[in-house]
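Summary of the model geometry
Spelled out, the chains give:
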Amino acid sequence: CCFFFFQAEDGIRDVERSRGLGDVYKRQEWWRIVLGIPIILATIELLFLLLFFRYETPKGSILNNDRIHCQKMLNEMFTNSARVLREIDDIQKVVDETKGQEVTYKELFGIYFRRAMIVGTVLKIVQVLSGYSAVMLYSTSIFNDPNNPNASLYATVFVGLANTTAVLIFSQIVDKFGRRNLLLTGTFIVIF
């Protein structure tokens, strides 16, 4: 909580210096509103999702002994009824095999998950070393120009639009080229 408070306060100081949003942030007490509105909206969204949407999976239906509901969900995904029945049988086999087994932290760091843990850790390290988070967090400070007070605001909007455009483009081609190939290519570009 304190980390977010200091981030919000630093952001207000940056905006005050850049004068990107006018006189709104001139007074110190406005940080409560700037910090409070996203918290209120996130709480409303969370309550809305919890009350009106139930994320159910075919495996969850099998665990609750509701094969009919599982079959309805799988019929929405697959048009072939034979495939739906095979999927239900496969899910039932997995549920029967893992019944009564719980995954412990010792198993999580064991040999079976070691490769996944190493790949996940390396991916996070590469993301941090790429500087993406720093650019997104401090874009108003990075692009601050004393001669043009609105430059940092426009540059931040441009960075956000470039980020959104890249996500939209690559979400369409990820299935064509594969996640692994795109990840290795992107990592190679970041390194060199």
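Because the structure is predicted, anything quoted here is derived from the model rather than measured. (Residues numbered from 1 in each chain as written. Predicted model: local features only at pLDDT ≥ 70, side-chain atom pairs only at ≥ 80, totals over all residues. Heavy atoms only, no water.)

Examining the nonpolar core
What counts here: Residues grouped as a nonpolar core are buried Ala, Val, Leu, Ile, Met, Phe, Trp, Tyr and Cys residues, joined through side-chain atoms within 4.5 Å. When accessible area is computed with a 1.4 Å probe and restricted to protein chains, residues below 20% of their type maximum are described as buried, those above 50% as exposed, and intermediate ones as partly exposed. Runs of H or I in DSSP of at least four residues are treated as helices and runs of E of at least two as strands, each being numbered from the N terminus. It only takes one pair of heavy atoms within 4.5 Å for two residues to be counted as in contact.
Core analysis: the biggest nonpolar cluster contains 7 residues, these being Ile-62, Cys-70, Leu-74, Val-84, Ile-88, Ile-91 and Val-95. When residues of this core are traced back to their parent elements, those giving at least two are helix H4 (67-77) and helix H5 (81-98). Beyond its immediate stretch of four places on either side in the chain, Cys-70 contacts Pro-58, Ser-61, Ile-62 and Ile-88.

Comments concerning unusual backbone geometry
Notably, Asn-65 is not glycine yet its phi reads approximately 55 degrees, a positive angle. Owing to a relative accessible area of 71%, Asn-65 belongs among the exposed residues under this scheme.

Brief notes about the environment of Asn-65
Following the sequence through the fold, Asn-65 ends up in the loop between helix H3 (58-63) and H4. Asn-65 sits 27 residues away from Gln-92 along the chain, and the two C-alpha atoms are 9.9 Å apart.

So, H5
As a reminder, the rule being used: Given the number of residues in a helix, its expected span is that number minus one, multiplied by 1.5 Å. Each polar contact in these results corresponds to two N or O atoms within 3.5 Å; when the atoms are within protein, one needs to be able to donate a hydrogen and the other to accept it, and residues that are neighboring in sequence are counted only if both atoms are side-chain atoms.
Taking 1.5 Å per residue, 18 residues should reach 26 Å; H5 reaches 26 Å between its end C-alpha atoms and fits that length. Summarising the contacts, the buried residues of H5 are in contact with H3 and H4. At the N-terminal boundary of H5, the capping side chain belongs to Asn-80, with an oxygen 3.1 Å from the backbone nitrogen of Ala-82. Positive backbone phi, approximately 85 degrees, marks Gly-100, located one or two places after H5.

Regarding a nonpolar patch on the surface
Formally: Each patch is built from residues that are more than 30% exposed by relative accessible area and take part in no salt bridge. Like charges join if they lie within 9 Å; nonpolar side chains (Val, Leu, Ile, Met, Phe, Trp, Tyr) join within 5 Å. The protein chains shown are the only cover counted for residues, whose accessible areas, like all others here, come from Shrake-Rupley with a 1.4 Å probe. The salt bridge criterion pairs a side-chain nitrogen of Lys or Arg with a carboxyl oxygen of Asp or Glu, the two atoms within 4 Å.
Taken together, the side chains of Leu-46, Leu-47, Phe-48, Leu-50, Leu-51, Phe-52 and Phe-53 present a nonpolar region at the surface, about 780 Å² in accessible area. Leu-47 sits in the partly exposed class, given a relative accessible area of 47%.

Points about the confidence of the model for the chain
Note the cut-off: On a range of 0 to 100, pLDDT expresses the predictor's confidence in each residue.
In the predicted model, the chain carries a mean pLDDT of 78, and 83% of its residues have values of at least 70. H5 holds the highest mean pLDDT among the elements of the chain, 90, whereas helix H1 (residues 2-18) holds the lowest, 45. The low-confidence segment residues 1-13, where pLDDT is below 50, has 7 contacts with residues more than four positions distant or belonging to other chains.

Notes on the packing of aromatic side chains
Going by this rule: Ring geometry is summarised as follows: Phe, Tyr and Trp rings, the Trp one being its six-membered ring, pair when their centres sit within 6.5 Å, and such pairs are stacked at plane angles under 30 degrees, edge-to-face over 60 and tilted between the two.
Evaluation of the coordinates by the stated rule reveals 1 aromatic pair. Ring centres 4.9 Å apart and planes at 80 degrees place the aromatic pair Tyr-112 and Phe-113 in the edge-to-face group. With relative accessibility at 29%, the residue Phe-113 sits in the partly exposed group.

Side note on the layout of surface pockets
What counts here: Cavity: a set of points on a 1 Å grid over the protein atoms alone where a 1.4 Å probe fits but cannot get out. Pocket: an open set with protein on both sides within 12 Å along at least five of seven lines, its lining residues, like those of a cavity, having an atom within 4 Å of a point. Grid points are joined across faces, edges and corners, and a volume is the space filled by probe spheres set on the points. Residues are grouped as follows: nonpolar covers Ala, Val, Leu, Ile, Met, Phe, Trp, Tyr, Cys and Pro; charged covers Asp, Glu, Lys and Arg; every other residue, Gly included, is treated as polar.
Volume-wise, the largest pocket comes out at about 940 Å³. Taken together, 23 residues make up the lining of the largest pocket; nearest its centre are Tyr-132, Ala-166, Phe-170, Gly-186 and Val-190. With 8 residues, helix H11 (residues 179-191) is the largest single contributor of residues to the lining of the largest pocket. Counted by class, the lining of the largest pocket contains 13 nonpolar, 8 polar and 2 charged residues.

A word on helix H10 (residues 151-177)
Taking 1.5 Å per residue, 27 residues should reach 39 Å; H10 reaches 37 Å between its end C-alpha atoms and fits that length. Buried residues of H10: Ala-151, Ser-152, Ala-155, Val-159 and Val-174, and no others. Two residues or fewer past H10, Gly-178 is found with a positive phi of approximately 90 degrees.

Description of the pattern of salt bridges
Evaluated as defined, the whole model comprises 2 salt bridges. For Glu-87, the salt bridge is made with Arg-83, and the minimal N-O distance between the two is 3.6 Å. Pair noted here: Glu-87 and Arg-83 are both in helix H5, with a separation of 4 residues, about one helical turn. Judged by relative accessible area, which is 23%, Glu-87 ranks as partly exposed. Arg-83 gets classed as partly exposed once you look at its relative accessible area, which sits at 34%.

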